[in-house]
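Chain by chain, the residues run as shown.
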Amino acid sequence: MAKITFITSDHETITVEGTSGSVMQLAVKNNIQGIDGDCGGVCSCATCHVHVPTEFQDKTGKASEIEKDMLEFEDNANESSRLSCQLDISEALDGIVLHIAN
Amino acid sequence: MKKSAIPDPFEQTRLEKGVGEMNEQNDPIVMVLRHKDVRRCAHKWQTFQSGAQPGRIVIPSEVAIRDTRQIPFELDPPQHGAYRTLVEAWFKRPLQEAYQAQLSQQINAIVDEALSRDQVEVVSEFSLPLQSRALTLLLNIPYSEAATWISWGTHVFRSEDDPLDKSKANILYDYIDRQIDQAIKNPGEDLYSVLLNSEIEGHKLNREEVKGVMILTFAGGRDTVINAVTNSIAYFADHPESLELIRKQPDITGKAVEELIRYFAPLTHMGRVATQDTQVCEHAVKADSRISLCWASANRDASVFENPNEVILDRKINPHVSFGFSHHNCLGATHARQILKTLLQVLAQKVQSIDLLATEDNIEEWGNFKRKVGYHQINVHFNAK
Ligand code: HEM
Ligand code: FES
């Protein structure tokens, strides 16, 4: 079980709980604004873009090369960007706060 | 090689040079072949524009047969974004439960009918009706209208041998004119009426703009969906074990759809016009000349996809560009994905296997490249579960 907090681009804060799947799937299931997950999580649409605050970055690990290449062309992308479909939910993510990019 | 295979004709040139060349209506094209370059060029709208003369970024060029600008497709930012925002929510309707239920009903009916027959010619008797009926949902118009579109056959909108033949394209343009007239007289809840009623930067969309959106919706969503559906049937006919896999692991259906779309790349490439002298892969591109973003080639780039010429239904990382890339990415993708997802679910549920009886490939010619994009005809027999 992991508690995950999303902060939308309208500054709304929503905390939800998940046990399995990806962070993108959890966000879509909870209708979190700004996470669409168009491609279902295969790293081809970037409609699941989030920013991970520095203090939580060791929880998420680093983006793969393919994920980085995808983010390179995204508006609002920076060092803290991740595609949330590439973040698997586990205990390790408990308490994390994610800022939705779009 | 299996009959359902879609070979990659671009591999050698992609590796050796990165770009291919072709000429068409005396307006040559530099074809961009590598995944990274395709994405980069798609992103750089300042250098590679869509808002050129209407019809010019389409290959073969439609400059000689069309004056109406397709919207939002033949616009660049920031104008593009303003128009796209207008229609974006509408094109997300396939995510609604009621829409999905109706689509499922339609596809179940088509598969039931196919199962009841000895032989089915998939392109004209399965994919075309499926695509046409599904489009009534996207436009939110009566189901009965699909009969008209089916009656046009598969070779409408463009003369196969003569890209300068206006008469084919006019069937669609005249039809849309009549539909717009009707929507003006009797406004409803359909896409025509919604567009006629929407405002951009303080003015109501004018008739030509509405027509531009509608032409694009019809033309962009027809052959692409027909090829995706037909190629899926051919693939499952050749790979009964894949149907079994989806039956056993329904969770992979979403990934399977992405992988089939990657492999098929139903739209081979799309053009742009250079706004300045520039280069791609050290190849000079002159201002006011054309390039094409070759989605089909990028999808087989071995530097991004492991075993690119194999269909791996549960491929986990799949940054394919079959729906384009960056701001012009396909508006119809939600609808197309929902169609394929439903098709796979219904096939897995009702069909044990499919016998391939006869096939005639549809091979496009782009300069020296010959690419199979689908089938002219394919006869099959469906076996029930
Ligand atoms: C499997 C089916 C489909 C494929 C492979 C496909 C492919 C594409 C591609 C590659 C683009 C990008 C073009 C560019 O960058 O210039 C695109 C754009 C577009 N497609 Fe699709 N398409 C499909 C289905 C549909 C459907 C069903 C519709 C609507 C009925 C549709 C409507 C559009 C529109 C409106 C655009 C332009 C978006 C823009 O310019 O912002 N497509 N499509
Ligand atoms: S859901 Fe498409 S890239 Fe993450």
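Residues numbered from 1 in each chain as written. Chains lettered and ligands numbered in written order. Predicted model: local features only at pLDDT ≥ 70, side-chain atom pairs only at ≥ 80, totals over all residues. Heavy atoms only, no water.

**Student:** Break down the overall build of chain B for me, citing the residues and quoting the values.
**Tutor:** Of the regular secondary structure elements, chain B holds 14 helices and twelve strands. Against the compact-globule benchmark of 21 Å for 385 residues, chain B has a radius of gyration of 20 Å, which places it among compact chains. Expressed along its principal axes, the backbone C-alpha trace of chain B runs to roughly 60 × 60 × 35 Å. Each of the 385 residues in chain B was classed as buried or not, and the buried ones make up 56%. Within the structure as shown, chain B displays about 16,200 Å² of accessible surface, and the carbon and sulfur contribution to it stands at 48%. Of the charged side chains in chain B, 43 are positive and 51 negative; the average position of the first set lies 3 Å away from that of the second. (Helix = DSSP H or I, 4+ residues; strand = E, 2+ residues; numbered from the N terminus. Rg over C-alpha atoms; globule rule 2.2 N^0.38 Å. Buried < 20%, exposed > 50% of the residue type's maximum accessible area, 1.4 Å probe, protein only. Areas by Shrake-Rupley, 256 points an atom, 1.4 Å probe, with all protein chains shown as cover. Lys, Arg positive; Asp, Glu negative; His and termini not counted. Charge placed at Lys NZ, Arg CZ, Asp CG, Glu CD.)

**Student:** Before we move on, can you summarise the side chain of Ser80 of chain A with the specific residues and values?
**Tutor:** Residues and elements named next belong to chain A. Within the secondary structure, Ser80 is located in the loop between helix H3 (65-71) and strand E4 (81-83). In this structure the side chain of Ser80 is engaged in a polar contact, spanning 2.8 Å, whose partner is the side chain of Asn78. Apart from the residues lying within four places of it in its own chain, the contact partners of Ser80 are Val50, His51, Val52 and Gln57. (Polar contact = N/O pair within 3.5 Å; in protein donor to acceptor, adjacent residues only side chain to side chain. Contact = heavy atoms within 4.5 Å.)

**Student:** Give me the coordination of the iron atom of ligand 1: which residues, what numbers.
**Tutor:** Inspection of the coordination sphere of the iron atom of ligand 1 shows a single protein donor, Cys330 of chain B (SG), at 2.3 Å. You can see Cys330 of chain B is positioned in the loop between helix H13 (295-298) and helix H14 (333-350). (Donors = N, O, S within 2.8 Å, 3.2 Å for Na, K, Ca; no water.)

**Student:** Lay out the sheet that holds strand E7 (residues 270-274) of chain B in plain terms, naming residues and giving numbers.
**Tutor:** Residues and elements named next belong to chain B. Strand order in this open sheet of five strands is E1-E2-E10-E7-E3, and the pairing throughout is mixed. Strand pairing shows two members of the sheet lacking a second neighbour, strand E1 (19-22) and strand E3 (48-49), which therefore form its edges. Judged from the four bridges that link them, strand E2 (residues 29-32) and strand E10 (residues 290-293) form a sheet pairing that is parallel. Looking across to E10, one finds that Val32 is bridged to Leu293. (Pairing = 2+ DSSP bridges.)

**Student:** So what about the packing of helix H12 (residues 253-264) of chain B against H14 of chain B? Which residues, and what values?
**Tutor:** Residues and elements named next belong to chain B. At a minimum axis separation of 9 Å, H12 and H14 run at an interaxial angle of 115 degrees. Judged by the sense of rotation from one axis to the other, the crossing of H12 with H14 is right-handed. Residues Thr253, Ala256, Val257, Glu258, Leu260 and Ile261 of H12 touch H14, and the partners they reach there are Arg337, Leu340, Lys341, Leu344 and Gln345. Residues that form the contact of H12 with H14 fall into these classes: six nonpolar, two polar and three charged. (Axes fitted to C-alpha atoms, helices over the stretch in contact; angles between N-to-C directions. Left-handed = near helix turned anticlockwise from the far one by under 90°. Nonpolar A, V, L, I, M, F, W, Y, C, P; charged D, E, K, R; others polar.)

**Student:** Could you give me a rundown of H12 of chain B, with the residues and numbers involved?
**Tutor:** Residue and element names in this part refer to chain B. Here H12 is twelve residues long and its end C-alpha atoms lie 16 Å apart, about the 16 Å a rise of 1.5 Å per residue gives. Looking at H12, one finds that the buried residues are Thr253, Ala256, Val257, Glu258, Glu259, Leu260, Ile261, Arg262, Tyr263 and Phe264. On its buried face, H12 is in contact with helix H10 (223-238), helix H11 (240-248), H14 and strand E12 (369-384). (Expected span 1.5 Å × (residues − 1).)

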